[in-house]
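Residue-level structural notes
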Amino acid sequence: MNRILLLTIFYIGACCAVQAQPAADTIRLGLEQVVDMAKAFSIAAKQALTTRKTKYWEYRTYRSNYQPQLALNGILPGYNKTFTEVQQPDGTILFQSIHNNNSSLNLSFSQSIAGTGGTVFGTTQLQRFDDFDRKNTLYNNVPFGIGYTQPLFQFNQLKWDRRIEPLKYKESTQAYIEAMESVAITACGYFFDLLLAQVNLQIAETNLRNTKNILRIANEKYALGKISRNEILQLQLEQLKSEKAAGIARRDMEIAGLNLRSYIGLQQQAPITLLLPGLKTNVHAPAEKVLTEAYQNRSDAIAFARRMAEARRDVAKAKGDNGLNATLTAQLGFSKSATTIAKSYQSPQDQQEVQITFAIPILDWGRSRSRTKTAQANLEFTEYAVEQDKQVFAQEIVTQVTLFDMMKDQLQLTANADSIATEKYRIAEERYILGNFGITDLSIAFQEKDQAKRDYIAALRDSWSAWYQLRYLSLYDFEKNEKISYQQAYTSFNN
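Below is a summary of the structure that appears in this document. (Residues numbered from 1 in each chain as written. Predicted model: local features only at pLDDT ≥ 70, side-chain atom pairs only at ≥ 80, totals over all residues. Heavy atoms only, no water.)

Quick look at the overall build of the chain
Formally: Numbering of helices and strands starts at the N terminus; helices are DSSP runs of H or I of at least 4 residues and strands are runs of E of at least 2. When we talk radius of gyration, it's over C-alpha atoms, and the globule rule is simply 2.2 Å times the number of residues to the 0.38. Relative accessibility decides the category of a residue: with a 1.4 Å probe and only protein chains considered, values under 20% of the type maximum give buried, values over 50% give exposed, and everything between is partly exposed. We get accessible surface area from the Shrake-Rupley algorithm with a probe of 1.4 Å; when it comes to residues, only the shown protein chains can shield them.
A count of helical and extended segments in the chain gives ten helices and eleven strands. Computed over its C-alpha atoms, the radius of gyration of the chain comes to 40 Å, more than 25% above the 23 Å expected for a compact globule of 495 residues. Per-residue burial for the chain yields a buried fraction of 39% across its 495 residues. Summed over its atoms, the accessible surface of the chain is roughly 28100 Å², and 55% of this surface lies on carbon and sulfur atoms.

Right, dumping it as structure tokens:
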């Protein structure tokens, strides 16, 4: 069987050698080179990388919610010169002149507590008040203040974000790898479109030359009276068909070449010659291994857990946003007012604050219960949907593994058929020249040879497409026995 494959590859190489030698600047590309170029330069790959960057910075934004926050705010200056109404003890109104400056600075920090949903905060303030009408200045200073705010009986967004956001980030990471493998699948399709077009052109040009040669010999036989005029007409018709087929093949090759150049981002205009890819006959991908890797690596598998977590979050939010909503705030610190900054720091007085704010719905006509029941129904629906998607997920993988194994066997069979059809045509051509073979039988052998060659290229395409599809579904390279990763592609924006 290996000998047959070698003969098949040799035949295609011979077809390439028959045509004119390519120019010195001809670009020779193999399948893996085309795939690598598509991953590096195609618009689809760049879009995938941009999406990956967006998801990365969204994750960084989420992480910042759990870090200490430091802010400086204030009013500087707070100049005011106007008249305002002042009600007198007898009920009359006087307009009092106001001419002052009320400036302040406040340096504050806060730290969210994910476990409770509360916030620890601290502050230091300095306020200056200038009364220009009375020519006096007053400072109010809070050298130190610390407090804590705790929502009571409410939904804890931080706790649920900590469960969901890492899943979303990991999902986006694996989705980027999937996008790159999808680029490989598309590039593989464009590669074989052009390869088949080139093979069709080689077949058409070879057939045209052979037909002209046979027609020349047939004319000599016809002159000697050995064959009929009908055979000459049949061969002339075959020559016209071959010339038409060669023209169509050139057109198809130009279109396929433009499509491939456009997708992989190839700027050079030199002719492209594609190299016949090797075979993946030594790759083994057991269904159990593929399924295990898929559940570990695929974004869909991560999305199963993320979707369930989001549905449970919505139930918790529906329950937390109904009923008693209360917030506890406690604060302590020091403050002092004085006519100078230095005095405002001397012997500050302590200050404390404790309060609970609450809201209790008395009558909502079942709205709270309806929201909770809706969220619970959505959770139940999500459970069924995820279970269904898991079954489809597993079935798709098992089907693809079976298809990959079948494609390897099919490729061996088509290679064998191609070798036999080629040998059969060679014998038929020799027998026709010797005069003991009919034109109809020669035409049949002619068509069988061409179809067998196209079937082999199609089987080779199916085999490689199944290989890249297997990589896409598992995100695992079974040739190298390692997980697929593109870390080097986006390390630049991690800093």
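Some thoughts on the pattern of salt bridges
Basically, it comes down to this: By convention in these notes, a salt bridge is any Lys or Arg side-chain nitrogen within 4 Å of a carboxyl oxygen on Asp or Glu.
Overall, the coordinates contain 19 salt bridges when judged by the stated rule. Salt-bridge contacts for Arg-298 lead to Glu-178; the nearest nitrogen and oxygen are separated by 3.2 Å. In this pair, Arg-298 sits in the loop between helix H6 (287–297) and helix H7 (299–320) while Glu-178 sits in helix H4 (residues 157–223), placing the two residues 120 residues apart along the sequence. The burial state of Arg-298 is the same as that of Glu-178; both residues are buried. Salt-bridge contacts for Arg-461 lead to Asp-193; the nearest nitrogen and oxygen are separated by 2.7 Å. Taken together, the residues Arg-461 in helix H10 (residues 439–474) and Asp-193 in helix H4 connect sequence positions 268 residues apart. Of the residues examined, Arg-461 reaches a relative accessible area of 24% and is grouped as partly exposed. Owing to a relative accessible area of 34%, Asp-193 belongs among the partly exposed residues under this scheme. Residues participating in the shared-partner salt-bridge network are Lys-39, Glu-181, Arg-471 and Asp-477.

Quick word on the packing of aromatic side chains
Formally: Aromatic rings from Phe, Tyr and Trp, taking only the six-membered ring of Trp, are treated as a pair when their centres fall within 6.5 Å; an angle between ring planes under 30 degrees marks them as stacked, one over 60 as edge-to-face, and anything in between as tilted. To sit over a ring, a charge needs its Lys NZ or Arg CZ within 6 Å of the ring centre and within 35 degrees of the ring normal.
All told, the structure shown has 14 aromatic pairs when counted by the stated rule. Relative to Tyr-169, the ring of Tyr-56 has its centre 6.4 Å away and its plane inclined at 50°; by these criteria the two rings are tilted. Taken together, the residues Tyr-56 in helix H3 (residues 43–64) and Tyr-169 in helix H4 connect sequence positions 113 residues apart. Its relative accessible area of 6% is what places Tyr-56 among the buried residues. Against the face of Trp-160 rests Arg-163, its NZ or CZ located 4.4 Å from the ring centre.

Re the environment of Ala-342
Turning to its location among the elements, Ala-342 is positioned in helix H8 (residues 341–344). Ala-342 sits 203 residues away from Tyr-139 along the chain, and the two C-alpha atoms are 9.5 Å apart.

As for H6
Cut-off, in case you're wondering: The directions considered for the arc are those from the helix axis to the C-beta atoms.
Along H6, the positions that sit buried rather than exposed are Val-290, Glu-293, Ala-294 and Asn-297. Projected down its long axis, H6 carries its buried residues within an arc of 105°, all on one side.

Details of H4
The following threshold applies: Helix span, expected: 1.5 Å multiplied by one less than the number of residues in the helix.
The first and last C-alpha atoms of H4 sit 96 Å apart over 67 residues, in line with the 99 Å expected at 1.5 Å per residue. Count one or two residues on from H4 and you reach Gly-225, which has phi positive near 80°.

Here we look at the nonpolar core
Our working rule: Take the buried Ala, Val, Leu, Ile, Met, Phe, Trp, Tyr and Cys residues and link them wherever side-chain atoms come within 4.5 Å; each set so joined is a nonpolar core.
Core analysis: the biggest nonpolar cluster contains 66 residues, and Leu-31, Phe-192, Ile-264, Leu-274, Trp-464, Tyr-468 and Phe-478 have the highest contact counts within it. Looking at this core, the element that brings in the most residues is H4, giving 14 residues. Counting residues in hydrophobic clusters, the runner-up holds nine residues, among them Leu-215, Ala-218, Leu-235 and Ala-428.

Regarding a nonpolar patch on the surface
The condition is simple: Patch members must show over 30% relative accessible area and no salt bridge, and they are joined within 9 Å when carrying like charges or within 5 Å when they are nonpolar side chains of Val, Leu, Ile, Met, Phe, Trp or Tyr.
A cluster of nonpolar side chains, contributed by Leu-70, Leu-72, Leu-76, Leu-105, Leu-107, Phe-109, Phe-144, Ile-146, Leu-332 and Phe-334, occupies part of the molecular surface with about 990 Å² of accessible area. Elements supplying a minimum of two residues to the nonpolar patch: strand S2 (69–75), strand S4 (93–112), strand S6 (136–152) and strand S8 (325–338). The leading source of residues in the nonpolar patch is S4, at three residues. Position of Leu-76 relative to the elements: it lies in the loop between S2 and strand S3 (79–87).

Topic: the packing of helix H2 (residues 31–41) against helix H5 (residues 229–264)
Counted only if it meets this: Whenever a helix is involved, its axis is fitted only over the stretch in contact; in every case the axis is a line through C-alpha atoms, and angles between N-to-C directions fall within 0 to 180 degrees. The cut-offs work like this: below 35 degrees is roughly parallel, past 145 is roughly antiparallel, 65 to 115 is roughly perpendicular, and the gaps in between are oblique. Two residues qualify as a contact provided that any one of their heavy atoms is within 4.5 Å of a heavy atom in the partner residue. Classes in brief: Ala, Val, Leu, Ile, Met, Phe, Trp, Tyr, Cys and Pro nonpolar; Asp, Glu, Lys and Arg charged; the others, Gly included, polar.
H5 packs onto H2 with a crossing angle of 50° between their chain directions and a minimal axis gap of 8 Å. Between H2 and H5, the interaxial angle falls into the category oblique. Here H2 contributes Val-34, Met-37, Ala-38 and Phe-41 to the contact with H5, which in turn contributes Leu-260, Tyr-263 and Ile-264. Looking at the contact of H2 with H5 residue by residue, the classes come out as seven nonpolar, no polar and no charged.

Details of unusual backbone geometry
In this chain, Leu-76 is followed by Pro-77 through a cis amide linkage whose omega measures -5°. Relative to the helices and strands, Pro-77 resides in the loop between S2 and S3. We note that Lys-135 has phi near 60°; this positive angle belongs to a residue other than glycine. Among the secondary structure elements, Lys-135 is positioned in the loop between strand S5 (119–131) and S6.

A closer look at the side chain of Lys-39
When you line up the elements, Lys-39 lands in helix H2. Leave out the neighbours within four places in its chain, and Lys-39 touches Ala-45, Met-180, Glu-181, Val-183, Ala-184, Arg-471 and Tyr-486.

Remarks on the environment of Thr-82
Tracing the chain through its elements places Thr-82 in strand S3. On the accessibility criterion, Thr-82 (34% relative accessible area) is partly exposed. In sequence terms Thr-82 and Thr-116 are 34 residues apart; their C-alpha atoms lie 48 Å from each other. In contact with Thr-82, not counting residues within four places along its chain, are Gln-96, Ser-97 and Ile-98.

On their own, these measurements won't tell you what the molecule is for.
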